Amino acid sequence: DLPMGQRLLPETLSQGDPRWIFEDPGGTGASPAWIQECLHHLAPSGRAVLLVTPSALFAQARAGRLRQRLIRADLLDAVVALPPGLLTHSPFALALLIFRRDRPRHGSGTPGPVLIGEIPSTGGGRARALDEALASAFAAGYRAWSDGAEDVPAFSRAVTYSELAENEFVLQPRRHVPTATGDATHGLQELGERLATALKAAQGAQAFIADYLKGAR
């Protein structure tokens, strides 16, 4: 389970624990420990997909050092921001961190780019559920990119190591993915189509009621 709001007690952590090779979790939140616990058990050709809170993308101190070291180790493959409200008990927009040990770009000297993107909300407000079409398209695009393809999924960008360093290894999509005016246009077009459909339905209902009232007289 995602350790939301949980904190670690320093006395519960063993000195020299082999899991904490990137950063000692200390008395911070449980996310740094959770991430390293999963990576400790990750197979050489394995892939880990972790659900994290938004702070994991931008928090400083221990969490910031952990992000920086994981990126330098060329372990972080992708960051996917999710719509808000997917968890009934939390309004936060959570995110996925995808780690991979055998990245195709691994071993080139400089860590490979990290795919940073988002799966946008289509319903406005709290999403409650992912749009299946958008999620499936993003997943397919990510798999192709992760295996070496140049194209990236919609709502995402492959961010180089130098860009990440310039942004202090903050992973929030809004830092790296430019606002796509085409996305807004698509949203307005979809809204217009829905309004036109609703208007036609209302006009049809109005005509039906008028005919019904005429026959009742």
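In this convention, every chain numbers its residues from 1, walking through the sequence in written order. Residues qualify for local features only when their pLDDT is at least 70, as the model is predicted, and side-chain atom pairs are given and counted only at 80 or more; totals for whole chains, interfaces and linings, by contrast, use all residues. The side-chain figures draw on all heavy atoms in the structure; neither hydrogens nor water molecules are used.

This part takes up the sheet that holds strand β1 (residues 47-52). If you walk across this open sheet you meet the 5 strands as β1-β3-β2-β4-β5, and the pairing is mixed. Since the sheet does not close on itself, it has two edges, and those belong to β1 and β5 (156-159), each with one partner. Strand after strand, the sheet turns through a mean of 15° between neighbouring axes, direction not considered. Strands are treated as partners if at least two bridges between them are detected by DSSP. Strands here are runs of E lasting at least two residues and helices are runs of H or I lasting at least four, both read from the DSSP assignment and numbered beginning at the N terminus. As judged from the 4 bridges shared by strand β2 (residues 76-81) and strand β4 (residues 114-118), these two strands associate in the parallel manner. Its bridge partner being in β4, A78 is matched across the sheet by L115. Note on contacts: a residue pair qualifies if any of its non-hydrogen atoms lie within 4.5 Å across the two residues. Inter-axis angles, ranging from 0 to 180 degrees, are taken between N-to-C directions of lines fitted to C-alpha atoms, where helices are fitted over the stretch in contact. Lying on the sheet, helix α1 (residues 31-40) is in contact with β1 and β3 (95-100); it crosses β1 at an angle near 165°.

On to helix α2 (residues 61-72), then. Between the first and last residue of a helix there are one fewer steps than residues, each counted as 1.5 Å, and that sum is the expected span. The first and last C-alpha atoms of α2 sit 17 Å apart over 12 residues, in line with the 16 Å expected at 1.5 Å per residue. Turning to α2, its buried residues are G64, L66, R67, L70 and I71. Each buried residue of α2 sits inside an arc of 160° when the element is viewed along its axis, so together they form one side. Residues of α2 that are buried sit in contact with α1, β2, β3 and α4 (161-166). Just downstream of α2 lies D74, where phi reads positive at about 60°. Buried, partly exposed and exposed residues are distinguished by accessible area as a fraction of the type maximum, computed with a 1.4 Å probe on protein chains only: under 20%, between the cut-offs, and over 50%, respectively. Arc definition: it is the arc formed by the directions from the helix axis to the C-beta atoms.

Values of pLDDT, which run from 0 to 100, indicate the predictor's confidence residue by residue. The share of residues in the protein with pLDDT of 70 or more is 70%, and the mean pLDDT across the chain is 80. Within the model, pLDDT remains below 50 along residues 180-191, and this stretch shows 1 contact once partners closer than five positions in the same chain are excluded.

One pair of aromatic rings is described through two measures. These are the centre distance and the angle between the planes. By convention, a stacked pair of Phe, Tyr or Trp rings (six-membered ring in the case of Trp) has centres within 6.5 Å and planes under 30 degrees apart, an edge-to-face pair has planes over 60 apart, and any other such pair is tilted. Summed over all chains, the structure comprises 1 aromatic pair. Taken together, a centroid distance of 5.8 Å and an interplanar angle of 55° make the contact between Y161 and F169 tilted. Given a relative accessible area of 5%, F169 falls into the buried group.

All right, on to the side chain of H176 then. Along the polypeptide, H176 turns up in helix α5 (residues 173-176). The exposure class assigned to H176 is buried, which follows from its relative accessible area of 4%. Counted as a polar contact is a pair of N or O atoms within 3.5 Å, where, for protein atoms, one must be capable of donating a hydrogen and the other of accepting one, and residues adjacent in sequence contribute only when both atoms are in side chains. One polar contact links the side chain of H176 to the main-chain carbonyl oxygen of V170, over a distance of 2.7 Å. The residues contacting H176, other than those within four sequence positions of it, are I116, R157, V159, E163, L164, N167, V170 and L171.

Turning to the pattern of salt bridges, a few remarks are in order. Whenever a carboxyl oxygen of Asp or Glu lies within 4 Å of a side-chain nitrogen of Lys or Arg, that contact is scored as a salt bridge. This structure, assessed with the given rule, holds 10 salt bridges. For R65, the salt bridge identified is with E23, shortest N-O distance 3.0 Å. Within this pair, whereas R65 is found in helix α2, its partner E23 is found in the segment before α1, the two being separated by 42 residues in sequence. Between R69 and E23 there is a salt bridge, and its shortest N-O distance comes to 2.5 Å. You can see R69 sitting in helix α2 and its partner E23 sitting in the segment before α1, a full 46 residues away along the chain. Residue class for R69 comes out partly exposed when judged on its relative accessible area of 36%. Taken together, the shared-partner salt bridges in this structure form one network comprising E23, R62, R65 and R69.

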